[in-house]
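Residue-level structure breakdown
Here's the letter readout for the chains.
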Amino acid sequence: VCPSDLVAYFLSRGLQLATGLPIARLLGKPIIMKFAGSGHIMGLRATWLGRLELNFLRRWASQILILNPGMAEECVKVGFDKTRVRWMPNPVDTDYFRPCLAEGRAELRRELGVGANTPLAVYVGRLAPPKELPWLIGAFAQVVCEIPEAILALVGDGPLQGELRQLVTRLNLDRNVVFAGRLDSIGVLRWLQAGDVFTLVSPMEGLSCSLIEAMSVGLAPVVSDIPANAQLVEHEVDGILTEMGNQDSIARGLVRLLNDPRATKRMGAAGRQRM
């Protein structure tokens, strides 16, 4: 690679960005900045260092890369030139994250300890405050009232695991919620291929890798109606959009799909095609 072909590509905020931007400018390198999630752009205005970085980016960045329409609105609010804002989605390997045959799915369920006909919703991600998993668990308590055999698998680890386990016990969901732990990509794929529905109800995302992987596997998603999700999921076409933070809405979405295998299969196939 010829040094003259190089660009300065930034992915995170902080002191490294504040110092790296002037250096890249002095070296005459084109500057590209990718923001990783919703709220990150507006969040820069909260500190003097962030405001300095915004000023540098407004003046010098060749391109600002974003993940969803909400982030595009943030760019306008902080004064970025709209002609330099580009959508750069996260990738998904649709050959790896693919549906499995019915026979393979039945075997997976046996290995994972899930009944062949048990309605199974799967969450993949951190067990951390931004994901608002208490909303999901609270909603699932309502689901179990209508579908007593339903299971929610939480794939991942994080600081809220202990608190979430206590919530599960308090809601009498110990038989209905599985803490699968942190798994490698093979383990994640196994749970997705075994599932009926994927769910993600966090209030803020960039473009969720977990969601696009689940849709690539052919799982119909039940997700919060936020810009990051709504750009991927058309309501009742690729999945179900639910009101953010509304446990009744989340529960209705889960029951809608877990009780209707034909709709789940149709929406899952549409989501797979979109990916």
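Preceding this section is the structure that the text describes.
Residues numbered from 1 in each chain as written. Predicted model: local features only at pLDDT ≥ 70, side-chain atom pairs only at ≥ 80, totals over all residues. Heavy atoms only, no water.

1. Regarding the overall build of the protein
A count of helical and extended segments in the protein gives twelve helices and ten strands. A compact globule built from 275 residues should have a C-alpha radius of gyration of about 19 Å, and the protein, at 21 Å, falls within 12% of that. If you line up the protein on its principal axes, its C-alpha atoms span 65 × 40 × 30 Å. Burial status across the protein gives 48% buried among its 275 residues. A separation of at least 24 residues holds for 67% of the contacts in the protein among residues at least 6 apart in sequence. Total accessible area on the protein stands at roughly 13400 Å², and carbon and sulfur atoms take up 54% of it. Put simply, the protein has 30 plus and 27 minus side-chain charges, and the middle of one group is 7 Å from the middle of the other. (Helix = DSSP H or I, 4+ residues; strand = E, 2+ residues; numbered from the N terminus. Rg over C-alpha atoms; globule rule 2.2 N^0.38 Å. Buried < 20%, exposed > 50% of the residue type's maximum accessible area, 1.4 Å probe, protein only. Contact = heavy atoms within 4.5 Å. Areas by Shrake-Rupley, 256 points an atom, 1.4 Å probe, with all protein chains shown as cover. Lys, Arg positive; Asp, Glu negative; His and termini not counted. Charge placed at Lys NZ, Arg CZ, Asp CG, Glu CD.)

2. Comments concerning the pattern of salt bridges
Within this structure, the stated rule accounts for nine salt bridges. A salt bridge links Asp238 to Arg274; its shortest N-O distance comes to 3.6 Å. With Asp238 in the loop between α10 (227-230) and β10 (240-242) and Arg274 in helix α12 (residues 261-274), the pair connects residues that are 36 residues apart, well separated along the chain. With a relative accessible area of 3%, Asp238 lands in the buried category. Judged by its relative accessible area of 41%, Arg274 falls in the partly exposed class. One network of salt bridges, with partners in common, ties together Arg105, Arg109 and Asp196. (Salt bridge = Lys/Arg side-chain N within 4 Å of Asp/Glu carboxyl O.)

3. A short note on a nonpolar patch on the surface
Nonpolar side chains collect at one region of the surface, where Val7, Tyr9, Leu11 and Met88 lie side by side and expose about 350 Å² of accessible area between them. Within the secondary structure layout, Met88 lies in the loop between β4 (85-87) and α5 (102-112). With relative accessibility at 32%, the residue Met88 sits in the partly exposed group. (Patch = residues over 30% accessible without salt bridge, like charges linked within 9 Å, V, L, I, M, F, W, Y side chains within 5 Å.)

4. Things to note about the packing of aromatic side chains
All chains considered together, the criterion is met by three aromatic pairs. Between Tyr96 and Phe97, the ring centres sit 5.0 Å apart and the planes meet at 80°, which makes this aromatic pair edge-to-face. On the accessibility criterion, Tyr96 (27% relative accessible area) is partly exposed. Of note, Arg165 hangs over the ring of Phe179, and the distance from its end group to the ring centre comes to 4.4 Å. (Phe/Tyr/Trp six-rings, centres within 6.5 Å; stacked < 30°, edge-to-face > 60°. Lys NZ or Arg CZ within 6 Å of the ring centre and 35° of its normal.)

5. Re the sheet that holds strand β9 (residues 220-224)
What the six strands build is an open sheet, ordered β7-β6-β5-β8-β9-β10; its pairing is parallel. Of all the strands in the sheet, just β7 (177-181) and β10 have a single pairing partner and so form its edges. Averaged over all pairs of adjacent strands, the angle between strand axes in this sheet comes to 20°, irrespective of strand direction. In this sheet, strand β8 (residues 197-200) lies alongside strand β5 (residues 120-124) in parallel orientation, the contact comprising two bridges. Its bridge partner lying in β8, Ala121 is registered against Val197. (Pairing = 2+ DSSP bridges. Axes fitted to C-alpha atoms, helices over the stretch in contact; angles between N-to-C directions.)

6. What to know about the environment of Glu236
Note on placement: Glu236 falls in the loop between α10 and β10. Judged by relative accessible area, Glu236 falls into the partly exposed class, the value being 29%. Sequence separation between Glu236 and Gly253 is 17 residues; the distance between their C-alpha atoms is 10.0 Å. Dropping the residues within four chain positions of it, Glu236 is found in contact with Arg256, Arg266 and Met267.

7. Description of helix α8 (residues 185-194)
The buried count for α8 comes to seven of ten residues, which makes it a mostly enclosed element. For α8, every residue scored as buried is listed here: Gly187, Val188, Leu189, Trp191, Leu192, Gln193 and Ala194. Where the residues of α8 are buried, they touch α5, β5, β6 (151-155), β7, β8 and α9 (209-217).

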